[in-house]
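Structural overview for review
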Amino acid sequence: MLTSDQKATILRKNGFAVPDAPAAPPVMPAQPPESGLAMQAWHRAIEALFASYAAARAAKSLRDAQEKAQLELLRQMASGAPRLRTLRA
């Protein structure tokens, strides 16, 4: 499983505007609760962006596969070759 940092890197490489991670708080026994909340919010934001990115990639793959199948069908029809049955969901 990818870490949030790895997901952020992938998103950046693919042109997404990724929020910067909050600065790591100094290690202190009395750590302010805001710093932990900011990091949790950043992780949630990265997860949401990455889920959107993964869904968009899956949708593109489906469109590409459908386009390829349609082009193959058109080629077969144009060449006069017997048509292959296509599966429909």
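This one's a predicted model, so the numbers in the text were calculated from it and none came from an experiment.

**As for the pattern of salt bridges**
Under the definition given, this model contains four salt bridges. Among the salt bridges present, the one from D20 reaches R12, with a minimum N-O distance of 3.9 Å. By relative accessible area, D20 is classed as exposed at 65%. One salt bridge in this structure joins K60 and D64, with 2.8 Å as the shortest N-O distance. Here K60 pairs with D64, and both are found in helix α2 (residues 33-79), just four residues apart, close to one helical turn. Classification of D64 by relative accessible area gives partly exposed; the value is 36%.

**Topic: the nonpolar core**
Among the nonpolar cores identified, the biggest contains seven residues, and these are A8, L11, V18, W42, I46, F50 and Y53. Of all the secondary-structure elements, those providing two or more residues to this core are α1 (4-13) and α2. Among the elements that line this core, the one with the most residues is α2, at four residues. Not counting residues up to four positions away in its chain, the partners in contact with L11 are F16, V18, I46, L49, F50 and Y53.

**Considering α1**
Taken residue by residue, α1 has S4, K7, A8 and L11 as its buried positions. Looking straight down α1, one finds its buried side chains confined to an arc of 100 degrees; they lie on one side. Pointing more than 90 degrees away from the buried face of α1 are the exposed residues D5 and K13. Of the residues trailing α1, G15 is marked for its positive phi of about 85 degrees.

Calculation rules
- Counting of residues starts from 1 at the beginning of each chain's written sequence and follows it residue by residue.
- At least 70 in pLDDT is required for a residue's local features to be given in this predicted model, at least 80 for side-chain atom pairs to be given and counted, and no such filter applies to totals for whole chains, interfaces and linings, which use all residues.
- As a convention, hydrogens and water are excluded, and side-chain values are obtained from all of the structure's heavy atoms.
- Salt bridge, as used here, is a side-chain nitrogen of Lys or Arg placed within 4 Å of a carboxyl oxygen of Asp or Glu.
- Each residue gets one of three labels from its accessible area relative to the maximum for its type: buried under 20%, exposed over 50%, partly exposed in between, using a 1.4 Å probe on protein chains only.
- Runs of E in the DSSP output that reach at least two residues are strands. Runs of H or I that reach at least four are helices, and both are numbered from the N terminus.
- Residues enter a nonpolar core if they are buried and are Ala, Val, Leu, Ile, Met, Phe, Trp, Tyr or Cys, with the set joined through side-chain atoms within 4.5 Å.
- Two residues qualify as a contact provided that any one of their heavy atoms is within 4.5 Å of a heavy atom in the partner residue.
- What the arc measures is the spread of directions leading from the helix axis to the C-beta atoms.

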